[in-house]
Amino acid sequence: MTALSSPRNAISAAGARPASASKQRGDRRGWLYSAPAVVTMGVLLFGPLLAVMLFSLTDWQLGQEQFSFIGARNFQELFADTVFWKSLRNTFLYVLLVVPGTVILGLIVAVLLESSNELKGLYRTAHFIPVMAATSAMAIVWGTMLHPTIGLFNHILYGLGYSGVSWLRDEHTALLALVLIGIWQGFGYAMVLFIAGLKAIPQNLYDAAEIDGADSVMDRMRLVVLPMIGPVLMFVMVVTAVRAFSVFDTVRVLTAGGPNYSTDVLLYRLNTESFDYLRTGYGAALTVVFLGIVIAITLLQAKIMDRRVHYS
Amino acid sequence: MTGNRLGPFARILRHVVLMTLAVVIVAPFVWMVLCSFKTQSEILSAEIRIIPHTWAAVENYTAALTRVPMLRFLLNGVIVTLVIFLLQVLVNLPAAYALAKLRFRGRSAFLGLVLLCLLIPVHATAIPTYIMFYKAGLLNTYASLILPFTISVFGIFLMRQFFMTVPDDLIDAARVDGMSEIGIVWRVMLPTAVPALVAFGIFSVVAHWNDYFWPLIVVADQALYTPPLGVAFFRLNDQGTSYGPLMAAATISIAPLVIAFLLAQRRFIEGITLTGMKA
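Residues numbered from 1 in each chain as written. Chains lettered and ligands numbered in written order. Predicted model: local features only at pLDDT ≥ 70, side-chain atom pairs only at ≥ 80, totals over all residues. Heavy atoms only, no water.

### Considerations on the overall build of chain B
Across its full length, chain B holds 15 helices and zero strands. For the C-alpha atoms alone, the extent of chain B along its principal axes is close to 75 × 65 × 35 Å. Counting only contacts in chain B whose residues sit at least 6 apart along the sequence, the fraction spanning at least 24 positions is 72%. Taking the average place of the 19 positive charges on the side chains of chain B and the average place of its 12 negative ones, the gap between the two points comes to 7 Å. (Helix = DSSP H or I, 4+ residues; strand = E, 2+ residues; numbered from the N terminus. Contact = heavy atoms within 4.5 Å. Lys, Arg positive; Asp, Glu negative; His and termini not counted. Charge placed at Lys NZ, Arg CZ, Asp CG, Glu CD.)

### Concerning a nonpolar patch on the surface
There is a patch of nonpolar side chains on the surface, built from A:Leu54, A:Leu57, A:Phe67 and A:Phe69 and spanning about 390 Å² of accessible area. Looking at the secondary structure, you find A:Leu57 in the loop between helix H3 (19-55) and helix H4 (73-80). (Patch = residues over 30% accessible without salt bridge, like charges linked within 9 Å, V, L, I, M, F, W, Y side chains within 5 Å. Areas by Shrake-Rupley, 256 points an atom, 1.4 Å probe, with all protein chains shown as cover. Salt bridge = Lys/Arg side-chain N within 4 Å of Asp/Glu carboxyl O.)

### Quick look at the domain arrangement of chain A
All names here are of chain A. With domains assigned, chain A is organised as domain 1 (1-55) and domain 2 (73-307). Look at where the C-alpha atoms of domain 1 and domain 2 centre, and you get two points 40 Å apart. Taken together, the contact pairs four residues of domain 1 with seven residues of domain 2. Between domain 1 and domain 2, the buried area comes to about 390 Å², and carbon and sulfur atoms account for 84% of it. Together, Val52, Met53 and Phe55 form the three largest contributors to the area buried by domain 1 at its contact with domain 2, with a combined 88%. Inspection of the domain 1/domain 2 interface yields zero salt bridges. Our count for the domain 1 to domain 2 interface comes out at zero residue pairs in polar contact (both at pLDDT 80 or more). Class assignment of the residues belonging to the side of domain 1 that touches domain 2 gives a composition of four nonpolar, no polar and no charged. (Domains from an automatic or database assignment. Buried area = accessible area lost by both parts, 1.4 Å probe. Polar contact = N/O pair within 3.5 Å; in protein donor to acceptor, adjacent residues only side chain to side chain. Nonpolar A, V, L, I, M, F, W, Y, C, P; charged D, E, K, R; others polar.)

### Overview of the interface of chain B and chain A
At the interface, 98 residues of chain B touch 101 residues of chain A. Counting the surface lost from both chain B and chain A, the interface buries some 9100 Å², and carbon and sulfur atoms represent 75% of this. Between chain B and chain A we count two salt bridges in total. Among the ionic pairs, B:Arg105 bridges to A:Asp27, the shortest N-O distance being 2.7 Å. At the boundary of chain B with chain A, the tally comes to 17 residue pairs in polar contact (both at pLDDT 80 or more). Each residue belonging to the side of chain B that touches chain A can be placed in one class, and the counts come to 72 nonpolar, 15 polar and 11 charged.

### What about the packing of aromatic side chains?
On inspection of all chains with the given rule, the structure shows 28 aromatic pairs over all chains. On the basis of an interplanar angle of 65° and a centroid distance of 5.2 Å, the ring pair of A:Phe84 and A:Trp85 is categorised as edge-to-face. Ring centres 4.9 Å apart and planes at 80° place the aromatic pair A:Phe248 and B:Phe213 in the edge-to-face group. Of this pair, A:Phe248 sits in the loop between helix H12 (230-245) and helix H13 (249-255) while B:Phe213 sits in helix H12 (residues 213-218), which puts the two residues in different chains. A:Phe248 gets classed as buried once you look at its relative accessible area, which sits at 2%. Site record: aromatic cluster; members linked through ring pairs are A:Trp142, A:Phe153, A:Trp167, A:Trp184 and B:Phe29. (Phe/Tyr/Trp six-rings, centres within 6.5 Å; stacked < 30°, edge-to-face > 60°. Buried < 20%, exposed > 50% of the residue type's maximum accessible area, 1.4 Å probe, protein only.)

### A closer look at the pattern of salt bridges
Inspection of every chain in the model, using the stated rule, returns 10 salt bridges over all chains. Among the salt bridges present, the one from A:Arg279 reaches A:Glu77, with a minimum N-O distance of 2.7 Å. With A:Arg279 in the loop between helix H14 (266-276) and helix H15 (280-311) and A:Glu77 in helix H4, this pair connects stretches of sequence that are 202 residues apart. Taking the relative accessible area as the measure of exposure, A:Arg279 reaches 23% and is therefore partly exposed. Exposure remark for A:Glu77: the relative accessible area of 39% places this residue in the partly exposed category. A salt bridge links A:Glu118 to B:Arg11, with the shortest nitrogen-to-oxygen separation between them at 3.0 Å. Here A:Glu118, found in the loop between helix H5 (82-114) and helix H6 (120-132), pairs with B:Arg11, found in helix H1 (residues 8-35), and the two come from separate chains. Take A:Glu118: its relative accessible area is 30%, and that puts it in the partly exposed class. When its relative accessible area of 42% is taken as the criterion, B:Arg11 is described as partly exposed.

Structure (structure tokens):
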């Protein structure tokens, strides 16, 4: 094992070989290791991505042999379709409700959890379980809880002397019910990310704040936690937003976009048009819109993060 | 916020808030399991009992396991998630190593591609991938459930970040000892990467065990259903009216992951946090 003690000599000896040969070898090795990933990336990501953009310019219907390029007609049809606008509006509304709900609840629970060790593990486990459970299966469970006659919610309302609500069958409450399920399902994930962020805050910052007279919980939140947790907060918001934009399971299982399109969302439209009606070209146009929005959110985050780094 | 510096009032408030929330969060699971023990008439009755009046657990779980091949669905879930993870390791681990530790022409371009791909949501490639499998005659097979996920740019990125932290001296020493590059990846990098690999494994298994979107598109044959499809199918099959067995089916389908989580909470939470923070 003498070689182990002097790796540097050995490396410089290796470096004494003609540079081009070792460089070539390095190239080959690098390419060899990267090749499987590069090839699968091409076949499964870039190929399909290009294809979906091309399809969006055609009138192709799955199963038909022929199709022709029709320019932006799919997009024109899409933008003239009231159902599309309704689904876009619903998706944004869903995101605008789920993101603050998830982030605020996740942050509050994380701060409360970390403020003491009493029952910490128990609380953390309880809040995290929904993240583990399949959304589609739990949506079915929620369906029975929100059921007009046998559901838990209406039993409670009856008990309090109110009349029941047809949660998922009423177009005024259906999306709201899905929002609640969305927050229920996802805020445990936000919570554990916030916990990690809180743990990374050095204790001396709290001490310094305390010396400066900031000893109440609110002061510590305002002066230490919120400024320090900024990057994590931004990250959690983006992850939650992208997930919320991709809401599908609960819609498919519980409402099928109804009643009266009140819970129709982008991915549900995409799925229905592409795989139920087999309108490939039209579905591809929807995909392009969906992709554009998701990328915009992520890039917006990157930009804001970048500015933070430069100016802070 | 460390230190048990909370006053008595704050201490109690903390418990009140967290306990209330915890009860609300766990309620659907409790509801599900309790319903899976109850008879249909009791579920339909106007009054709600917490503890079942008549126990129908055996009947409900027997129905869930026999009316549809529930065990087969679980087995499919295991096969699909494990093979996906294995293939992800085979395809992505060497690339992550190359990006972290090898110098080669095109490396920064490759890294750029990986970062670019991180932006692409899985749903965006659904239509062309579906058509590809359709043309290849592979719809309705295990292959269609597994192969689309062999590439994981997220996995590459995560493992690369981890490999960057492995000291070069360790690799140099192995090289000096005459170990081949493949040997270095599998015998030096892999063992040191185990924590990150476990984290990624948990992330991958949770995502694909619970996935509903893709299996719904590519699989029509009941024998290939994964647990989420199985439960949805069970409900459709029964017109959603026999609630006890349906809740038993839901319980069975989520039980493996939830139990695994309860047994190895620390690993799961660390895994999910790690995969989250590195992205």
